[in-house]
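Observations on the three-dimensional arrangement
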Amino acid sequence: SLPQAEQSSCASTQAPHTSPSGLAMQKKKQPVRRLHVFRANRLAKERKTIQIMIRMFCRQHHGSSSCLCTVCAQLLEYAKARLEKCPYQEKKPVCAQCPIHCYKPEMRAQIACVMRYSGPRLIRTHPLLAIRHILDRAKKPPKNRRVNRP
């Protein structure tokens, strides 16, 4: 049995569909719709981007294929928790430009390492996410540090 952190990050393994005759059938793949990346809300896009970046980093540095290692799974959960508690919510700037540094120093160092590795490679694997992230970096961060929390 995998630890809880690894169970949540693993892709589900389901048996193939079977026909009435008992033969295994392949599931038809749905066409990928990538334009939803631009329409989704800001925090959902941030969650998706950070998850892809951590998976990319873990696959290359820790040799995991379908699941995240425990260190990367903990980092992903921490990053998601920080996004949920972000006082800026939908007006959130990219973390590098945010006036509030909400990550603990050791987690900030880990996420910076992940982003340094995955950022340049994101353009090849997920070009729309990379372009959206570049556009978000061009936006000015909010000036007011005092923000009402939801």
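All figures in this text were calculated on a predicted structure; none of them were measured in a lab.

Observations concerning the pattern of salt bridges
For the structure on display, the rule yields one salt bridge. Linking Glu-84 and Arg-47 is a salt bridge whose minimum nitrogen-to-oxygen distance equals 2.7 Å. You can see Glu-84 sitting in helix H4 (residues 70-84) and its partner Arg-47 sitting in helix H3 (residues 42-61), a full 37 residues away along the chain.

Overview of helix H5 (residues 105-125)
With 21 residues, H5 ought to run about 30 Å at 1.5 Å a step, and its terminal C-alpha atoms sit 29 Å apart, in line with that. Along H5, the helix axis deviates most sharply at Gly-119, where the bend reaches about 40 degrees; the proline Pro-120 sits within four residues downstream. Taken together, the buried positions of H5 are Met-107, Ile-111, Val-114, Tyr-117, Ser-118 and Leu-122. If you follow the buried residues of H5, they end up packed against H3, H4 and helix H6 (127-138).

A closer look at the environment of His-61
Checked against the element boundaries, His-61 lands in helix H3. Here His-61 falls in the partly exposed class, since its relative accessible area comes to 43%. The spacing of His-61 and Tyr-117 is 56 residues in sequence and 9.8 Å in space, taken between C-alpha atoms.

Here we look at the environment of Thr-125
Among the structural elements, Thr-125 can be located in helix H5. In this structure, the C-alpha to C-alpha distance between Thr-125 and Ile-52, residues 73 residues apart in sequence, is 9.5 Å. Separated by 3.1 Å, the side chains of Thr-125 and His-126 make a polar contact.

Describing the nonpolar core
In this structure, Ile-54, Leu-68 and Cys-72 are the most contacted members of the largest nonpolar core, which totals 23 residues. The set of elements that each furnish at least two residues to this core consists of H3, H4, H5 and H6. In terms of residue count, H3 provides more of this core than any other element does, seven residues in total. Among all residues touching Ile-54, those that are not within four sequence positions of it are Leu-68, Cys-72, Leu-75, Leu-76, Ile-111 and Val-114.

Things to note about the packing of H3 against H6
Their axes nearest at 11 Å, the elements H3 and H6 cross at an angle of 120 degrees. Here H3 is positioned oblique relative to H6, judged by the angle of their axes. The two elements H3 and H6 cross, and the hand of that crossing is left-handed. Contact residues: Arg-42, Lys-45, Glu-46, Lys-48, Thr-49 and Ile-52 in H3; Leu-129, Arg-132 and Asp-136 in H6. The class makeup of the residues in the contact of H3 with H6 is two nonpolar, one polar and six charged.

Re a nonpolar patch on the surface
Nonpolar side chains collect at one region of the surface, where Ile-123, Ile-131 and Leu-135 lie side by side and expose about 260 Å² of accessible area between them. With respect to the secondary-structure elements, Ile-123 resides in helix H5. By relative accessible area, which is 41% here, Ile-123 ends up partly exposed.

Observations concerning the packing of H3 against H5
For any two helices packed against each other, one specifies the crossing angle of their axes together with the interaxial distance. It is the contact of H3 with H5, at a shortest axis distance of 8 Å, that shows an interaxial angle of 100 degrees. On the basis of their axis angle, the class for H3 and H5 is roughly perpendicular. Residues Thr-49, Ile-50, Ile-52, Met-53, Ile-54, Met-56, Phe-57, Gln-60 and His-61 of H3 form the contact with H5, whose participating residues are Ile-111, Cys-113, Val-114, Met-115, Tyr-117, Ser-118, Gly-119, Arg-121, Leu-122 and Thr-125. Considered class by class, the residues forming the contact of H3 with H5 number 12 nonpolar, six polar and one charged.

What counts, and at which threshold
Residues numbered from 1 in each chain as written. Predicted model: local features only at pLDDT ≥ 70, side-chain atom pairs only at ≥ 80, totals over all residues. Heavy atoms only, no water. Salt bridge = Lys/Arg side-chain N within 4 Å of Asp/Glu carboxyl O. Helix = DSSP H or I, 4+ residues; strand = E, 2+ residues; numbered from the N terminus. Expected span 1.5 Å × (residues − 1). Bend = angle between axes of the 7 residues up to and from the residue. Buried < 20%, exposed > 50% of the residue type's maximum accessible area, 1.4 Å probe, protein only. Contact = heavy atoms within 4.5 Å. Polar contact = N/O pair within 3.5 Å; in protein donor to acceptor, adjacent residues only side chain to side chain. Core = buried A, V, L, I, M, F, W, Y, C linked by side-chain atoms within 4.5 Å. Axes fitted to C-alpha atoms, helices over the stretch in contact; angles between N-to-C directions. Parallel < 35°, antiparallel > 145°, perpendicular 65-115°, else oblique. Left-handed = near helix turned anticlockwise from the far one by under 90°. Nonpolar A, V, L, I, M, F, W, Y, C, P; charged D, E, K, R; others polar. Patch = residues over 30% accessible without salt bridge, like charges linked within 9 Å, V, L, I, M, F, W, Y side chains within 5 Å. Areas by Shrake-Rupley, 256 points an atom, 1.4 Å probe, with all protein chains shown as cover.

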